[in-house]
Amino acid sequence: DISFNERTKSTEIVHTFTAHDIDALLLTLYGRQFDLGDPGDQAVLRKYVERQFWLAARDGARLPIKWVGMTVDANSVVIYQEAENTPLARVATIHQGVLVDLLPEQVNTVNLSAGGAVRSLTFTRKALEQPAH
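In this text the structure is predicted, and so the values were computed from the model without any measurement.

Trainee: Quick question: what am I supposed to make of the sheet that holds strand β3 (residues 53–56) here?
Mentor: Strand pairing in a sheet relies on backbone hydrogen bonds, with the paired strands running either antiparallel or parallel. Taken in spatial order, the three strands make up an open sheet running β3-β6-β9, and their pairing is antiparallel. Taken across any chain shown, the strands that pair with only one partner, and hence form the sheet edges, are β3 and β9 (129–131). Averaged over all pairs of adjacent strands, the angle between their axes in this sheet comes to 15 degrees, without regard to strand direction. Note that β3 and strand β6 (residues 93–96) share four bridges and pair antiparallel. When the bridges of β6 are listed, tryptophan 54 appears paired with histidine 95. Along the sheet face, helix α2 (residues 39–52) touches β3 and β6 and points at about 40 degrees away from the line of β3.

Structural data, given as structure tokens:
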């Protein structure tokens, strides 16, 4: 989910993944089990997500995204990020490639909330980028 927070003037990003997909991804990429309660293991997932997901301005430059944190339970991994002091209107392109390198048929849905309306964008291995507007 991507939305603008009027109070903080930041664009907020919330990724929700199934825990078993993230576990399989990390095992495949790094050949070991990860404990996402461990800060070091969280850093590995953070680096991966930051490489696979980004927002770009109209000129193609990537917008800075701050890692806020994550929560993990037996069923899901929820990752929180924000583009500080960045209105959603500055976002021209969304790139969402998380898990598509592991699962060829992976489909990621991004719900984009802007101006009171919600629009769903679909990302696949063949369509990693979508216009935000």
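Trainee: I tried to follow α2 on my own but got confused; where do I start?
Mentor: A turn of α-helix holds 3.6 residues, and therefore any two residues three or four places apart point the same way. Under the 1.5 Å per step criterion, the end-to-end length of α2 is 20 Å for 14 residues, consistent within 8% with the ideal 20 Å. The set of residues buried in α2 consists of Asp41, Leu45, Tyr48, Val49 and Gln52. The buried residues of α2 occupy an angular sector of 100 degrees when projected down its axis, which confines them to one face. Across α2 from its buried face, at more than 90 degrees, point the exposed residues Pro39 and Lys47. Elements that come into contact with the buried residues of α2 comprise β2 (10–18), α1 (19–30), β3, β4 (66–72), β5 (76–83) and β6. You can read the cap of α2 off the contacts: a side-chain oxygen lies 3.0 Å from the backbone nitrogen of glycine 40, and it is on aspartate 38.

Calculation criteria
- Residues numbered from 1 in each chain as written.
- Predicted model: local features only at pLDDT ≥ 70, side-chain atom pairs only at ≥ 80, totals over all residues.
- Heavy atoms only, no water.
- Pairing = 2+ DSSP bridges.
- Helix = DSSP H or I, 4+ residues; strand = E, 2+ residues; numbered from the N terminus.
- Axes fitted to C-alpha atoms, helices over the stretch in contact; angles between N-to-C directions.
- Contact = heavy atoms within 4.5 Å.
- Expected span 1.5 Å × (residues − 1).
- Buried < 20%, exposed > 50% of the residue type's maximum accessible area, 1.4 Å probe, protein only.
- Arc of directions from axis to C-beta.
- Polar contact = N/O pair within 3.5 Å; in protein donor to acceptor, adjacent residues only side chain to side chain.

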